[in-house]
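What follows is each chain in one-letter form.
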Amino acid sequence: MKKKLILTLALLFCGVSVFADKISIPAVFNGKITRLEMRIDESGDFYRYANPRFKFHAFVPACVTKALLPMNGDGVSFTNDDETVEYTVSGHYNIPFSTSKKEYYDTIRFTGEDTVTYSDWGRGWYVVSGVKDGKVYYIYCIVGEVTVSTMDFEYPYDQKDQYDWMIPVLVENFHSGNMGV
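Residues numbered from 1 in each chain as written. Predicted model: local features only at pLDDT ≥ 70, side-chain atom pairs only at ≥ 80, totals over all residues. Heavy atoms only, no water.

Student: A description of the overall build of the chain should follow, citing residues and the corresponding values.
Tutor: Secondary structure assignment for the chain yields four helices and 13 strands. Residues counted as buried form 45% of the 181 residues belonging to the chain. By sequence separation, contacts in the chain at least 24 residues apart represent 43% of the contacts at least 6 residues apart. Just so you have it, the chain exposes about 9,800 Å², and 57% of that area is on carbon and sulfur atoms. (Helix = DSSP H or I, 4+ residues; strand = E, 2+ residues; numbered from the N terminus. Buried < 20%, exposed > 50% of the residue type's maximum accessible area, 1.4 Å probe, protein only. Contact = heavy atoms within 4.5 Å. Areas by Shrake-Rupley, 256 points an atom, 1.4 Å probe, with all protein chains shown as cover.)

What follows is the structure, encoded as structure tokens:
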């Protein structure tokens, strides 16, 4: 309860609206300022986001205070006030019927094999993590027959102790309901 009270006061100070167990953060959609409403989890450390288009659910770190909503509704990009922390959740249709193995190797090529410090993949999922341009990145992806849902968390390397603990919670609470796997 104390954590929720502190979070509520901090968010109100930053211009973020909080009502009971919901939060409303500033968001940009089609060049206009709007609000994105999400539920606060029991710990107060995360918000709950649900994407209606691609049917995935994600926890969002409470440290992010701004959102960018793309016009196509494929997900959300979140940042903190100074934009040093970025958290993006998105989805797309698996039109070419790609596999987790193919998506995994495409992501490694995209991020740069020399930046990868951890990676793994299995049936229907993969993870690629590393350090690039002074930032830690962690990409977790669920690949299904119908959709592909991706979570990408980036934060400064010199602040990794502050953010590393969030990764297992984010992965555990990233679910896709429209996979057809």
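Read on for the rest.
Student: Help me get a handle on the packing of aromatic side chains, residues and values and all.
Tutor: Tallied over the entire structure, the rule returns 15 aromatic pairs. On the basis of an interplanar angle of 50° and a centroid distance of 5.8 Å, the ring pair of Phe-56 and Phe-174 is categorised as tilted. Residue Phe-56 is located in strand S5 (residues 56-61), and its partner Phe-174 is located in the loop between helix H4 (166-172) and strand S13 (175-176); the two are separated by 118 residues in the primary sequence. An identical accessibility class is assigned to Phe-56 and Phe-174; each is buried. Geometrically, the ring pair formed by Tyr-155 and Tyr-163 is tilted, given 5.3 Å between the ring centres and 40° between the ring planes. Accessibility classification places Tyr-155 together with Tyr-163 in one group, the buried group. (Phe/Tyr/Trp six-rings, centres within 6.5 Å; stacked < 30°, edge-to-face > 60°.)

Student: If you had to explain the environment of Met-71 to someone new, which residues and values would you point to?
Tutor: Within the secondary structure, Met-71 sits in the loop between strand S6 (66-69) and strand S7 (75-79). Sequence separation between Met-71 and Gly-31 is 40 residues; the distance between their C-alpha atoms is 9.6 Å.

Student: Describe the pairing of strand S10 (residues 125-132), with residues and values.
Tutor: Of the pairings in the sheet, the one linking strand S9 (residues 116-122) to S10 comprises six bridges and is antiparallel in character. Bridged to Asp-120 within S10 is Val-127. Hairpin connection between S9 and S10: a loop of two residues separates the two successive antiparallel strands, and Gly-124 in this loop has a positive phi of roughly 90°. Of the pairings in the sheet, the one linking S10 to strand S11 (residues 135-143) comprises eight bridges and is antiparallel in character. (Pairing = 2+ DSSP bridges.)

Student: How would you explain the pairing of strand S4 (residues 46-51) if you had to name every residue and give the values?
Tutor: Bridging between strand S3 (residues 32-40) and S4 involves two bridges; their strand directions are antiparallel. Bridge pairing in S4 places Ile-40 opposite Tyr-47. The sheet contact formed by S4 and S5 spans six bridges and is antiparallel. Bridging from a neighbouring strand, Arg-48 pairs with Phe-59 of S5. Taken together, S4 and the strand that follows it, S5, pair antiparallel across an intervening segment of four residues, in which Lys-55 is found at a positive phi of about 60°.

Student: So what's going on with the pattern of salt bridges? Residues and values would help.
Tutor: On inspection of all chains with the given rule, the structure shows five salt bridges. Each of the salt bridges in this network shares a partner with another, and the network as a whole consists of Lys-102, Asp-106 and Arg-109. (Salt bridge = Lys/Arg side-chain N within 4 Å of Asp/Glu carboxyl O.)

Student: Account for the side chain of Asn-94, naming residues and giving values.
Tutor: With respect to the element layout, Asn-94 can be found in the loop between strand S8 (86-93) and helix H2 (100-111). In terms of polar contacts, Asn-94 uses its side chain to reach the backbone amide nitrogen of Ser-98, at 2.6 Å. (Polar contact = N/O pair within 3.5 Å; in protein donor to acceptor, adjacent residues only side chain to side chain.)

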